[in-house]
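# A look at the structure
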Amino acid sequence: MDAKRPIFIIGSPRSGTSLLRLILTSHSQIVIPPECGFIVWLYPKYHNWVVMNASDEDLCDRFLVDLYACKKFETWALDKLQLKGLIISRQPSNYATLCALIYEAYAMSYSRSVKIWGDKNNYYINHLPTLNEIYPDAKFLHIVRDGRDVACSYREVMKQKSTSPYAPKFPVDIESIASEWFTNVSKADDYLSGLHRSRSWTVRYEDLVQQPKSIVSEICVWAGLDYEPQMLEFHDRNKREQLEPSLTMDWKKRTLDPISVMTVGRFRVLLDADELQRFNQIAKDALTKFGYME
């Protein structure tokens with residue numbers, strides 16, 4: 001597995017990042033676990049990791065305690081003793097390699113040997129420079145969805161009841177949603193536009209669901225892999241292997257279904273004229289840039 005060139009999937013919440021994760025991790029040569037931001041969270045404490053640290057059992061134990069305390073890491077279901085043994089035997093030489101080894105351990109837990117590992121997290125929008133510092137050869141896959149449909153999704157999720165400790169808390173007033181969406185997509189686009197084209201790719205959710213084979217094939221070429229038809233059967237694999245953890249499934253039930261265009265453009269029905277006008281005023285520049293307004 002190439003430890004130095006992961007693929008990071010980013011996007012504003014409710015924009016299709018989970019869909020992209022499941023599509024890509026259904027490729028035979030890619031593994032992308034459920035989201036957990038430990039790469040960023042543990043960096044300040046362990047960024048000076050060197051090869052000799054892997055032989056220090058006390059340090060390894062402290063690292064694992066911190067790792068397993070990270071929000072959502074329990075959804076990876078990795079055996080702590082086996083992971084410790086892997087770290088000690090493989091002797092990762094730096095923090096980037098140490099983290100990559102954890103993703104390899106996840107792949108191994110599914111009896112998989114892959115070429116590429118990846119990560120998906122909306123949270124990373126605010127930490128792109130840090131990720132780029134840790135992995136200067138990483139690729140970034142940015143998915144953008146019409147913010148007005150995102151507004152509808154926010155409201156839909158907030159109407160659902162969930163006992164999960166990770167249930168999202170989204171704003172429901174149109175101004176807050178518009179401002180958050182505009183800030184997120186603009187921040188990601190501004191940073192990624194400074195990277196070489198080979199390292200950054202932006203895809204629209206609408207194009208993905210309307211032309212899935214074509215768009216996924218393009219992503220595969222960009223990632224240096226051949227397209228595999230089973231990538232679009234991710235929903236069947238999700239049902240069999242529970243790739244999306246039960247703790248997050250309450251608001252991600254659509255990952256059990258095939259790709260659909262049913263939610264594209266529903267803002268035209270669900271948002272009233274005044275809400276549309278206010279959203280458009282706040283987010284006009286980003287809506288225009290990504291082809292949602294003329």
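Our subject is the structure that appears above.
Residues numbered from 1 in each chain as written. Predicted model: local features only at pLDDT ≥ 70, side-chain atom pairs only at ≥ 80, totals over all residues. Heavy atoms only, no water.

Looking at the element boundaries, Leu141 is found in strand β4 (residues 139-144). Separated by 81 residues in the primary sequence, Leu141 and Cys60 place their C-alpha atoms 32 Å from one another. With residues near it in sequence (within four places) discarded, Leu141 still touches Ile7, Phe8, Ile9, Ile10, Leu20, Leu24, Trp201, Val203, Ile219 and Trp222. (Helix = DSSP H or I, 4+ residues; strand = E, 2+ residues; numbered from the N terminus. Contact = heavy atoms within 4.5 Å.)

Moving on to the nonpolar core. In terms of nonpolar packing, the biggest core is built from 48 residues, with Phe38, Ile39, Trp49, Phe63, Ile87 and Tyr135 touching the most fellow members. Those elements that provide at least two residues to this core are β1 (7-10), α2 (38-41), α3 (43-46), α4 (57-68), α5 (80-90), α6 (95-109), α7 (128-134) and α9 (174-192). With 11 residues, the top contributor of residues to this core is α6. Look past the residues within four positions of Ile87 in its chain and what remains in contact with it is Trp49, Ala54, Cys60, Phe63, Leu64, Pro92, Leu98 and Leu101. (Core = buried A, V, L, I, M, F, W, Y, C linked by side-chain atoms within 4.5 Å. Buried < 20%, exposed > 50% of the residue type's maximum accessible area, 1.4 Å probe, protein only.)

Turning our attention to the sheet that holds β1. The sheet built from 5 strands is open, its strands ordered β2-β3-β1-β4-β5 with parallel pairing. Across the chains shown, the open sheet's two edge strands, defined by having one partner strand only, are β2 (30-31) and β5 (200-204). Where β2 lies against strand β3 (residues 116-120), 2 bridges are found, and the strand directions are parallel. Each bridged residue has a counterpart across the sheet, and for Ile30 the counterpart in β3 is Ile116. (Pairing = 2+ DSSP bridges.)

All chains considered together, the criterion is met by 22 aromatic pairs. Between Trp76 and Tyr103, the ring centres sit 5.1 Å apart and the planes meet at 70°, which makes this aromatic pair edge-to-face. Placement of the pair is Trp76 in the loop between α4 and α5 and Tyr103 in helix α6, with a sequence separation of 27 residues. Tyr103 shares its class with Trp76; the two are buried. If you follow Arg145 out to its NZ or CZ, it ends over the ring of Tyr205, 4.6 Å from the centre. Over the aromatic face of Trp201 sits the side chain of Arg197, whose NZ or CZ is 4.5 Å from the ring centroid. (Phe/Tyr/Trp six-rings, centres within 6.5 Å; stacked < 30°, edge-to-face > 60°. Lys NZ or Arg CZ within 6 Å of the ring centre and 35° of its normal.)

Quick look at unusual backbone geometry now. Residue Arg14 is not a glycine yet carries a positive backbone phi of 65°. Located in the positive-phi region is Ala77, a residue other than glycine, with phi close to 55°. Looking at the secondary structure, you find Ala77 in the loop between α4 and α5.

Within the secondary structure, Glu206 is located in helix α10 (residues 205-210). Among buried charged residues, Glu206 stands out as having no salt bridge; its nearest opposite-charge side chain is Arg204, 4.4 Å away. Polar contacts involving the side chain of Glu206 include one to the main-chain amide nitrogen of Asp146, which spans 2.9 Å. Other than its neighbours up to four places away in sequence, Glu206 contacts Val144, Arg145, Asp146, Val264 and Tyr292. (Lys, Arg positive; Asp, Glu negative; His and termini not counted. Salt bridge = Lys/Arg side-chain N within 4 Å of Asp/Glu carboxyl O. Polar contact = N/O pair within 3.5 Å; in protein donor to acceptor, adjacent residues only side chain to side chain.)

Another aspect to go through is helix α1 (residues 17-25). An α-helix turns once per 3.6 residues; consequently, residues spaced three or four apart project the same way. With 9 of 9 residues buried, α1 is to be regarded as a mostly interior element. Every buried residue of α1 is listed here: Thr17, Ser18, Leu19, Leu20, Arg21, Leu22, Ile23, Leu24 and Thr25.

Turning our eyes to something else, we now look at a nonpolar patch on the surface. A contiguous nonpolar surface patch, about 270 Å² in accessible area, is contributed by Val50, Val51 and Met52. One can find Met52 in the loop between α3 and α4. Of the residues examined, Met52 reaches a relative accessible area of 62% and is grouped as exposed. (Patch = residues over 30% accessible without salt bridge, like charges linked within 9 Å, V, L, I, M, F, W, Y side chains within 5 Å. Areas by Shrake-Rupley, 256 points an atom, 1.4 Å probe, with all protein chains shown as cover.)

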